[in-house]
Amino acid sequence: MMETLLPGRRLSFQERKAAEKKRKEAAAKKKREQEARRKREAEAKKRAAEAKKKREAEAKKRAAEAKRKADEAKKRREAEAKKRAEEAKRRREEDARRKQEAEEKRRREEEEASKPKPPPTSTTPPPVDKPTEPTEPKDPEDNTGTDPEENTEPTEPDEDPTDGAEPDPAPDPEPEPVPELPVVEAEARHIFDSQVDFSSNQNEQDQPVTEYKMTPNISYKLDFYGTDLKFDDGAEVEMWSFETDDQRKCFPGPLIRPKEGQIFHASFSPSKGNHTIHWHGMEPDPRNDGVGHTSFEIAGDYTYQWQPQKGTPGDADCGTAGTYFYHCHVNTTLHVQMGMFGPLIIDPVEHPDFPVTPGARRAFVDGPEYDIDTEALLIPYSMDTRWHGMNHAAGLSGEDAGLNHFQPKHFYALGGELARRPSGKEKVWSMKSLRANVYKAGDTRKPTLLRLLNANYLPTMLRFQDKSGNPVAMAEVIAHDGRPYRDTHAKDGSSPPCGAAGYPMMTSVLASGSAERYDLLLLPPAAGEYQVVLDFKDWITDEVIGQRIIPLTAS
């Protein structure tokens, strides 16, 4: 065959015909292979389209199923809440009925005890050696067989209320109605068998009365809400919190900001289940402190009332200005994680010895001034989504609801500049960046105040650094949990702030735990870009399990 293709030799007709046939067969084969390839590609494309359609259908089905389960869970929660409310109402009605019955019984017994006893039938007591015979009544007109001495002072019929009845000259002492009282008292007073029993039997009231109610200087109307909220990392979970008319279904709860000396009112309507408001760090009287274990849980509504104490310059024992927060104190661990908390800031009174620059405010009565425009709030918060599927009273009846296992997978830096909290409905307020003023003594523009409110269940570390990661000691710690840091060593009792006393507490790192609050005056050394790093640490290993980095611009 090779010889027929050698150059210089002319092919015969048969050879050309065979070669042409071979070329046609090769072309036909190639065409068949192309068609087979196209067919395979078409089938593969069809299978891919079918698979995609199937995946979309399955995803849609899963989404529908998830929605159905969420709706069922929501209906279940609402039914359970309704059932609990009905049970609470039934218990209240039963308690009221028992209380009314006990009161009526006590009143009857008091009336019975207060009735006058019948007077004796004779003013002369019967002789000891000759007792009267109470079992044989005698006719007043028949003196036969009667001892004359016994009739020397007969009982006048008109004055004897017992005339015509059996005389009772020597009655036994009347049984006192007291023996049943301990039973009534035992019914009204619950003896707790255990901590679980104590936690499960709190004092519930529909409309508790605000005692000694005064005209407020500042008041808020708070309502409860429950809804699904979407966070900045895409997580969408059910949240519970507080709302006002201008902050509807937002998280964290609305900012509450009274001033020292003002009479403060907050009217609260839980609407679903029993809740309270605890003013963390303020410590008003028990009725207004919102701790169900020492006052009551609210089923209807209640107006909390308290008055923050005014500060006095140089006095470490007076004044309440600072950073606090409020939260529900019913099933506290769960309800705070669900979002039932909000910031509370007490502003100081203005003292003539410590005037305030326009556009500024003092952190406390004689504290440093700060810039109102850049004042910011930072709230570390981590979330275990498993907890957000629990019901209102999970764990309160002694069952193991897993509230001792907090395993968050989501970590947040909530808050931002207080003057610029976003408005709208169903918003999660997240800190994206920070501004800080570069301040030098004598500047009219004052430094920036950062308020830290730790709403996290993990140890938290706050670090200030430059863009290269080097620590920068730019934070002056001026207060902790609403109490200023002061120099208290002077014999005359005067206590100036530490900064004014000559030793400001500067740091580049600050550790905090759950519910701690710090007031930090930011003093960057120069204009430029910095970072605020928020580390979330494991309780046992101290390992960083979550982190948020917040850009800080100093100018």
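Cut-offs used in this document
- Each chain has its residues counted from 1, following the order in which its sequence is written.
- The predicted nature of this model means local features are confined to residues of pLDDT at least 70 and side-chain atom pairs, given and counted, to a pLDDT of 80 or more, with totals for whole chains, interfaces and linings taken over all residues.
- Working from all heavy atoms in the structure, the side-chain values ignore hydrogens and water.
- For the purposes of this entry, the term helix denotes a DSSP run of H or I that reaches at least four residues, the term strand denotes a run of E that reaches at least two, and both are numbered from the N terminus.
- In this analysis, two residues are considered to be in contact whenever any of their non-hydrogen atoms come within 4.5 Å of each other.
- Using a 1.4 Å probe, accessible areas were evaluated by the Shrake-Rupley method; residue-level cover was limited to the displayed protein chains.
- By definition, a salt bridge exists where a carboxyl oxygen of Asp or Glu is found within 4 Å of a side-chain nitrogen of Lys or Arg.
- Only protein chains enter the accessibility calculation, which uses a 1.4 Å probe; a residue whose area is less than 20% of its type maximum is buried, one above 50% is exposed, and one in between is partly exposed.
- We define a polar contact as two N or O atoms separated by no more than 3.5 Å, with the added condition that, inside protein, one atom must be a possible hydrogen donor and the other a possible acceptor, whereas residues neighbouring each other in sequence contribute only through side-chain atom pairs.
- Aromatic rings from Phe, Tyr and Trp, taking only the six-membered ring of Trp, are treated as a pair when their centres fall within 6.5 Å; an angle between ring planes under 30 degrees marks them as stacked, one over 60 as edge-to-face, and anything in between as tilted.
- In short, DSSP must find at least two bridges between two strands for them to pair.
- In this description, a line fitted to the C-alpha atoms serves as the axis of each element, helices being fitted only across the stretch in contact, and the angle between N-to-C directions of two axes falls anywhere from 0 to 180 degrees.

A. Structural detail: the overall build of the protein. Helix and strand content of the protein: 4 helices and 23 strands. A separation of at least 24 residues holds for 71% of the contacts in the protein among residues at least 6 apart in sequence. Of the roughly 33100 Å² of accessible surface on the protein, a fraction of 52% belongs to carbon and sulfur atoms.

B. Spatial organisation of the pattern of salt bridges. Inspection of the entire model under this criterion finds 23 salt bridges. Where lysine 537 meets aspartate 542, a salt bridge forms, and the shortest distance between an N and an O atom there is 3.7 Å. Judged by its relative accessible area of 46%, aspartate 542 falls in the partly exposed class. One network of salt bridges, in which partners are shared, links Arg257, Asp347, Arg361, Glu375, Arg451 and Asp519.

C. Inspection of the side chain of histidine 275 at higher detail. Relative to the elements of secondary structure, histidine 275 occurs in the loop between strand E4 (264-269) and strand E5 (278-280). Histidine 275 sits in the buried class, given a relative accessible area of 0%. Side chain to side chain, histidine 275 and histidine 335 meet in a polar contact 3.4 Å long. Setting aside residues no more than four positions away along its own chain, histidine 275 makes contact with Phe224, Phe268, Pro270, Glu297, Ile298, Cys328, Val330, His335, Met340 and His392.

D. Fine view of the packing of aromatic side chains. One pass over the structure, following the stated rule, counts 21 aromatic pairs. When the ring of phenylalanine 242 is compared with that of phenylalanine 268, the centres are 5.5 Å apart and the planes differ by 55 degrees; the resulting orientation is tilted. Of this pair, phenylalanine 242 sits in strand E3 (residues 236-243) while phenylalanine 268 sits in strand E4, and the two are 26 residues apart along the sequence. The same class applies to phenylalanine 242 as to phenylalanine 268, namely buried. With a centroid separation of 5.8 Å and an interplanar angle of 40 degrees, the aromatic rings of tryptophan 279 and tyrosine 326 are classed as tilted. One end of the pair, tryptophan 279, is in strand E5; the other, tyrosine 326, is in strand E8 (residues 322-327), with 47 residues separating them in the sequence.

E. Just the sheet that holds strand E23 (residues 544-554), in detail. The mixed open sheet is built from 5 strands, whose spatial order is E14-E23-E22-E16-E20. Both outer strands of the open sheet, strand E14 (434-436) and strand E20 (509-512), are each paired with one neighbouring strand and no more. In this sheet, neighbouring strand axes are inclined to one another by 25 degrees on average, regardless of whether the strands run parallel or antiparallel. Pairing analysis gives 3 bridges linking E14 to E23, with the strands arranged parallel. For alanine 436, the partnering residue across the bridge sits in E23 and is alanine 554.

F. Layout of the pairing of E20. Side chains Leu510 and Ser512 project from E20 onto a buried face, and the interleaved Val509 and Ala511 project onto a face without burial. The pairing of strand E16 (residues 460-466) with E20 spans 4 bridges and is classified as antiparallel. Bridging across to E20, threonine 460 finds its partner in serine 512.

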